[in-house]
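# Analysis of the macromolecular model
So the chains spell out like this:
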Amino acid sequence: MPSVSSVVKLPKSLAMAPASTGIMKMPKASTDRELQDEIIRYLTDASSQPAAVLNPSEAEKAQRFSRFLARRYYRDRLHRAFRYSRNVSNDLPARVEDLVDSAEFDSFLSRCMLGSLLSAREVGEMAIARLLEVKAPGPWWPELLQYEFSFFVQLATSEIDTQFKKGFPATAKSTIVREFSWKMPALLALFKSGQVPAEDLRGRTVLLFSRTHHGKIYVVELDATAMKVINAANGEGDVVEIASAASIPEAHAQQILASLGEIGAVTLG
Amino acid sequence: MPELPQDRLAVGAFYNPHLAEFILEHADLIDHLAMADPPAADDSFFPAIQQSFPLLLHDYLGQLSDPLSEFALSRAQALQERYRGPWVAEHFQCLHTQDRSRSLDYVFPPLYTEEFLDRFCQNAEILRRAVNAPLVMENIPGFFSIERAQMSEAEFLRRFFERTGCGFLIDVPHIWLAAHYKGMDAREYLAGFPLDRVVEIHVAGVEYDRDLRGPWIAPAPPSDEILALARCVAERAPELRAVTLDIFSPSLTAAELEAAMRKTREAFHTRIDVDAGADARPFSRSFTTEITEDHRGNPN
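Residues numbered from 1 in each chain as written. Chains lettered and ligands numbered in written order. Predicted model: local features only at pLDDT ≥ 70, side-chain atom pairs only at ≥ 80, totals over all residues.

Looking only at helices and strands, one finds ten helices and ten strands in chain B. Sorting the 300 residues of chain B into buried and exposed places 47% on the buried side. Excluding contacts between residues fewer than 6 apart, the proportion of contacts in chain B whose partners are at least 24 apart in sequence is 76%. (Helix = DSSP H or I, 4+ residues; strand = E, 2+ residues; numbered from the N terminus. Buried ≥ 20, exposed ≤ 12 C-beta atoms within 10 Å, placed from the backbone. Contact = placed C-beta atoms within 7 Å.)

The next subject is the overall build of chain A. The helix and strand tally for chain A stands at ten helices and six strands. For chain A, buried positions account for 42% of its 269 residues. Long-range contacts, defined here as pairs at least 24 residues apart, represent 70% of the contacts in chain A between residues at least 6 apart.

Residue and element names in this part refer to chain A. Averaged over all residues, the pLDDT of chain A is 86; the fraction at 70 or higher stands at 89%. Per-element confidence in chain A ranges from a low mean pLDDT of 40 for strand β1 (residues 8–9) to a high of 97 for helix α4 (residues 103–109). With pLDDT under 50 throughout, residues 1–26 is counted as low confidence; its partners more than four residues away or in other chains account for 78 contacts. (pLDDT = per-residue confidence, 0-100.)

The subject of this paragraph is the interface of chain B and chain A. By a widely used convention, the size of an interface equals the accessible area lost when the partners come together. Across the boundary between the two partners, chain B contributes 32 residues, which contact 31 residues of chain A. Per-class residue counts for the side of chain B that touches chain A are twelve nonpolar, ten polar and ten charged. (Nonpolar A, V, L, I, M, F, W, Y, C, P; charged D, E, K, R; others polar.)

Moving on: unusual backbone geometry. Residues and elements named next belong to chain B. A positive phi angle is found at R84, which is not glycine, with a value near 55°. Topologically, R84 is positioned in the loop between α3 (70–83) and β4 (88–91). The class of R84 is partly exposed, set by 14 C-beta atoms lying within 10 Å. Phi at R100 takes a positive value of approximately 65°, unusual for a residue other than glycine. By secondary structure assignment, the location of R100 is in the loop between β4 and α4 (114–131). Looking at R100, the number of C-beta atoms within 10 Å reads 16, which means it is partly exposed.

As a further point, take the packing of helix α9 (residues 239–246) of chain A against helix α10 (residues 250–262) of chain A. All names here are of chain A. At their nearest, the axes of α9 and α10 sit 8 Å apart, and the two run at 105° to each other. Between α9 and α10, the angle is such that the two are roughly perpendicular. Here α9 contributes V239, V240, I242, A243 and A246 to the contact with α10, which in turn contributes E250, A253, Q254 and L257. Its residues assigned to classes, the contact of α9 with α10 comprises seven nonpolar, one polar and one charged. (Axes fitted to C-alpha atoms, helices over the stretch in contact; angles between N-to-C directions. Parallel < 35°, antiparallel > 145°, perpendicular 65-115°, else oblique.)

Structurally, A:Y218 is set in strand β5 (residues 217–221). Residues A:Y218 and A:G264, 46 residues apart in the sequence, show an inter-C-alpha distance of 8.4 Å.

The next point concerns helix α2 (residues 56–81) of chain A. Residue and element names in this part refer to chain A. In a regular helix each residue adds 1.5 Å, so 26 residues correspond to 38 Å; α2 covers 37 Å between its end C-alpha atoms and thus fits that length. Of all the residues in α2, the buried ones are K61, F65, S66, R67, L69, A70, R71, Y73, Y74, R77, L78 and A81. The secondary structure elements touched by the buried residues of α2 are α1 (32–44), α3 (83–88), α4, α5 (117–132) and α6 (141–155). (Expected span 1.5 Å × (residues − 1).)

Another aspect to go through is α3(B). Three or four residues apart is the spacing at which side chains of an α-helix point the same way, because the helix has 3.6 residues per turn. All names here are of chain B. Helix length check: α3 (14 residues) gives 20 Å between terminal C-alpha atoms against 20 Å at 1.5 Å per residue, within 8%. On its buried face, α3 sits against β2 (33–35), β3 (55–57), β4 and α4. Two residues or fewer after α3 comes R84, characterised by a positive phi angle close to 55°.

This brings us to the environment of B:A230. Residues and elements named next belong to chain B. Along the polypeptide, A230 turns up in helix α8 (residues 224–235). Given 25 C-beta atoms within 10 Å, A230 falls into the buried group. A sequence separation of 38 residues divides A230 from F268, and the C-alpha atoms of the two residues are 9.1 Å apart.

Structural data, given as structure tokens:
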């Protein structure tokens, strides 16, 4: 189960990766282990064809199991990601995770790819749409929901980056960099204890949301230099070019990239 | 570090951090705690929990259908060094693809074939050595059938335990569900399992699921039927040391935990003493069988 860090300051940054997950073509299984992979793919990808070893009635049961898995997975992630909004709003008509029992979610199940970035975004957007319908408990409400959406995308994405060029650092697919007009770390500290901010905590904050290969999630505050580095880490340039784009020495760029790599924000190749 | 009672069966629960205060106040009700997740950094109750209860490592350490990565082995070792439980648990499951591009994020059994048996035996031994503690393995139910299987679940487990010497953590609701979806009586299904290897029993409830159109694993208290089945297992398990209420959920309330614990304790109220001969025989002796086959699979 992924663990969650608190907001920490780290000199680094990012750009939003394209949401793309193609339909995986079933490879022909030759070993039992490969066959198990085929079955796992069938259970996680609503658009895939049943494995040959499933007769029609068992394939139908497997499909139902697949829907069960998806509902369980997104219910859990929604509950964990949208925790601040749950604490601070008294007007929520229902728990946001209950959306997995809705007709809208039933429709989503027909195109769901469990753990994909695309599916995580779609479910996160459903949650945001629901929460924006309630009476906002404060002017920071839309931004809090964007924070939780970004966090949710990390929690609900298990896709790994496999296509990168060695020596050409690239921002990881699920990494999100978002600019907020509120001091989110201070706001969140209050929300955690169920308090509503008494003072005006407006102020520009840039946060990066990322996840490591092992499922640990990071939210870090970026400074201007780290922002330049991550914007330049597009998979097309090497460290020298990134350092040049960020107007910093190569060793400094290398150091920032290493830190970004540690938190899963950048694939170093 | 607290230890499991030596003179009687331990009856415990999973550590639900949101109920830490309740757990600390009810040490008379809970003999041990299974740890599904490491404690959160801000869990201020955990130091007291660790001082008060024996802890059983029951985290996701990795799937033994594939070799565990160095990271996974180090993590398992660190967790066991922290908890210092009498054994470490893993599951008969294979839930992510070899390239890790897809994961079910949920328990899912392997194909019961010779190839998987070799893989599990090989990797269980590696994990056991890494954690330097006895390893127990938990059964996982299937919801649908796959034609490739070469043996029954019971045979797969029996042969695994014979080859590795590992202990059996039998999850009774899982047995009940596996039997249910095979259209068999649970006691009849249970008959083929190596109950002489059972070290720990899990009990919990099952609930109706609309997608599955039938019962499935749920964070619910055990029914009378499940507890009766668990008693049936206990009577045939001379190595049994612990019964654990397998409910791990943020929705669990203190009242629900208390009621379920009392019901479970009541079901096992007749003292099931550890076999007198076993007292002088360290549990770890069951884990000395060496694996001689080398069927290393793909990297994890």
